[in-house]
Amino acid sequence: MKIDGIHYRTIWVADDGWSVEIIDQTRLPHEFAIVRLETADDAARAIKDMLVRGAPLIGATAAYGLCLALRKDASDETLARTYDMLLATRPTAVNLKYSLDAMREVLLPLAGAARLETAYATAARLCDEDVEICRLIGENGLRIIRGLAEAKQGATVNILTHCNAGWLACVDWGTALAPIYMAHDEGIAVQVWVDETRPRNQGASLTAFELGRHGVPHTIVPDNAGGHLMQHGLVDMCIVGTDRTTATGDVANKIGTYLKALAADANGVPFYVALPHTTIDWTLSDGVREIEIEQRSAREVTHMTGRTEKGEIVTVEIAAPGSPAANYGFDVTPARYVTGLITERGVCAASREGLLSLYPERRNGGAA
Ligand code: MRU
């Protein structure tokens, strides 16, 4: 996507041909800063501290983290140790494991220079694949928005989204936002309700930034406004992303997603989840019980960072000093509340049969 007329992906190999550059998302929307990663530890820190975040981008960063480690030492021992270190950075997004497994599978039979060269080529391939997958998700989701626009005879289609599942969460395009960009580019009138997404405000700071730069009409709303908006007919559909979706269609996504799905169900608003196949965890069938939910620092709840009128970026305490806070990063929306899953292969029911209709090679537990 473009920032001030320049096309960016969220991660790329720098001009030196080996170090890796990312956009520091902790500084958006106030500063557009590029950060250079030189070691696997840099990559792990970028994921843990959320300079990069969003399930597909976490996976892409881990793939390049392995490259950076192998550049120093291409041994089996380094490959295994770095795999484990990167896998431990964030627990919920399964794309992390998908990427690391894909890298390890091609790298294990190789050694030395061939291993290193193949590592960079595979990381680049995984990134390119993610871009193409997101483009296809966009096209498949676009058909749904087109249908709504036709039903509304051209009146504005109002879409609610939670967290950031746009191009900043992926390598390019995004998952939930890709159909919205395509609809807007095609001339369909869309308006996006952007949940602010406490505690880290990925909606207010990242989704609003992306949509604004692309010229998509949008409005930031507090996280607890969705029910009211839906009750008053102000939401035509919800689209969110996901960090891990079970083989039965249960969806883990940013904390608060479940409440939106409940409100959507109660008000007859379609609730779609957009996802690449890399987010499906075929080993799980009960999301509420089986998906590990990341718990992050209480400080993310008790403090907030923002820009003062003088342009200074400051962090302030917003909670009663000394009160404990809980910070569950994600929740699980059971499949029964999901109208459909928008994937690169098409749209399906959120169910085992629905997913298998798009990924028949998984029917007998086979590889994708
Ligand atoms: O904690 P984050 O910012 O990594 O959480 C991101 C989300 O929950 C996204 O909705 C999800 O990763 C899907 S991204 C295409």
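Quick caveat, the model's predicted, so the values are computed rather than measured.

Conventions we followed
- Residues numbered from 1 in each chain as written.
- Predicted model: local features only at pLDDT ≥ 70, side-chain atom pairs only at ≥ 80, totals over all residues.
- Heavy atoms only, no water.
- Helix = DSSP H or I, 4+ residues; strand = E, 2+ residues; numbered from the N terminus.
- Rg over C-alpha atoms; globule rule 2.2 N^0.38 Å.
- Buried < 20%, exposed > 50% of the residue type's maximum accessible area, 1.4 Å probe, protein only.
- Contact = heavy atoms within 4.5 Å.
- Areas by Shrake-Rupley, 256 points an atom, 1.4 Å probe, with all protein chains shown as cover.
- Salt bridge = Lys/Arg side-chain N within 4 Å of Asp/Glu carboxyl O.
- Pairing = 2+ DSSP bridges.
- Axes fitted to C-alpha atoms, helices over the stretch in contact; angles between N-to-C directions.
- Near = heavy atom within 4 Å.
- Polar contact = N/O pair within 3.5 Å; in protein donor to acceptor, adjacent residues only side chain to side chain.
- Phe/Tyr/Trp six-rings, centres within 6.5 Å; stacked < 30°, edge-to-face > 60°.
- Lys NZ or Arg CZ within 6 Å of the ring centre and 35° of its normal.

Asks: Just to check I follow, could you spell out the overall build of the protein for this structure?
Replies: In terms of helices and strands, the protein carries twelve helices and 18 strands. A compact globule built from 368 residues would reach a C-alpha radius of gyration of about 21 Å, and the protein, at 20 Å, matches this within 12%. Here the C-alpha coordinates of the protein stretch approximately 60 × 55 × 45 Å along the principal axes. A total of 368 residues make up the protein; the buried ones form 55% of that total. When contacts within the protein are restricted to residue pairs at least 6 apart in sequence, those whose partners lie at least 24 apart make up 72%. When the accessible surface of the protein is summed, it comes to about 15300 Å², and 51% of that surface belongs to carbon and sulfur atoms.

Asks: Help me understand the pattern of salt bridges in this model?
Replies: In total, this model carries 25 salt bridges according to the counting rule given. Here Arg36 makes a salt bridge to Asp16, at a shortest N to O gap of 2.9 Å. In this pair, Arg36 is assigned in strand 5 (residues 34-37) and Asp16 in the loop between strand 3 (11-13) and strand 4 (20-23), connecting sequence segments 20 residues apart. Here Arg36 falls in the partly exposed class, since its relative accessible area comes to 38%. Residues Arg289 and Asp286 are paired through a salt bridge, measuring 3.0 Å at the closest nitrogen-oxygen approach. For Asp286, a relative accessible area of 24% gives the class partly exposed. One salt-bridge network, held together by shared partners, links Arg90, Arg200, Glu294, Arg296 and Glu300.

Asks: Explanation requested: the sheet that holds strand 4 in the structure shown.
Replies: Hydrogen bonds between backbone atoms are what pair the strands of a sheet, whose relative direction is either parallel or antiparallel. Reading across the sheet, the three strands line up as 3-4-5 and stay open at both edges, with antiparallel pairing between neighbours. Only two strands of the sheet have a single neighbouring strand rather than two, namely strand 3 and strand 5. Neighbour-to-neighbour, the strand axes of the sheet open up by a mean angle of 25 degrees, direction not taken into account. Pairing geometry for strand 3 and strand 4, over three bridges, is antiparallel. In the sheet register, Ile11 faces strand 4, and the bridge partner there is Ile22. Contacts between helix 2 (residues 55-72) and the sheet are confined to strand 3, strand 4 and strand 5, with strand 3 contributing the most and set at about 25 degrees to the helix.

Asks: Can you walk me through the site of the ligand in this structure?
Replies: Taken together, 19 residues form the shell around the ligand, and within it Arg90, Gln202, Asp243, Asn253 and Lys254 come nearest. A distance of 2.9 Å separates an oxygen atom of the ligand from a polar atom in the backbone of Gly54. A distance of 2.8 Å separates an oxygen atom of the ligand from a polar side-chain atom of Arg90. Protein chains bury 99% of the 410 Å² of accessible surface belonging to the ligand in isolation.

Asks: Looking at this structure, how should I read unusual backbone geometry?
Replies: Note: most residues except glycine have negative phi, and most peptide bonds are trans. For the bond running from Leu28 to Pro29, omega is 5 degrees, close enough to zero to count as cis. Here Pro29 is to be found in the loop between strand 4 and strand 5. The step from Arg198 to Pro199 runs through a cis peptide bond, and the omega angle for that step is 5 degrees. Relative to the helices and strands, Pro199 resides in the loop between strand 7 (190-195) and helix 7 (202-214).

Asks: Could you clarify how one ought to interpret the pairing of strand 9 (residues 237-240) in this entry?
Replies: Two faces belong to every sheet, and in a regular strand the side chains alternate between them. Residue alternation in strand 9 divides its side chains into two sets, Met237 and Ile239 and Cys238 and Val240, and both sets are buried. Alignment of strand 6 (residues 157-161) against strand 9, held across two bridges, turns out to be parallel. Pairing of Ile159 across the sheet is with Met237, part of strand 9.

Asks: Help me understand the environment of Pro334, please; the structure alone is not making it clear to me.
Replies: Following the sequence through the fold, Pro334 ends up in the loop between strand 16 (330-333) and strand 17 (340-343). As a C-alpha pair, Pro334 and Ala261 span 73 residues in sequence and 9.0 Å in three-dimensional space. Setting aside its immediate chain neighbours within four residues, Pro334 contacts Asp250, Tyr258 and Val288.

Asks: Help me understand the packing of aromatic side chains, please; the structure alone is not making it clear to me.
Replies: Each aromatic ring pair is summarised here by two numbers: the centre-to-centre distance and the angle between the ring planes. Using the criterion set out here, one finds five aromatic pairs in the structure. For the ring pair Tyr8 and Trp12, a centre distance of 6.0 Å and an interplane angle of 50 degrees mean the geometry is tilted. Residue class for Tyr8 comes out buried when judged on its relative accessible area of 16%. Arranged with centres 4.9 Å apart and planes meeting at 65 degrees, the rings of Tyr8 and Phe32 form a pair that is edge-to-face. A residue pair is termed long-range when its members are at least 10 positions apart, and Tyr8 in the loop between strand 2 (6-7) and strand 3 and Phe32 in the loop between strand 4 and strand 5 qualify at 24 residues. Linked through ring pairs, Tyr8, Trp12 and Phe32 together constitute an aromatic cluster. The cationic tip of Lys254 hangs over the ring face of Phe330; the distance from NZ or CZ to the ring centre is 4.1 Å.

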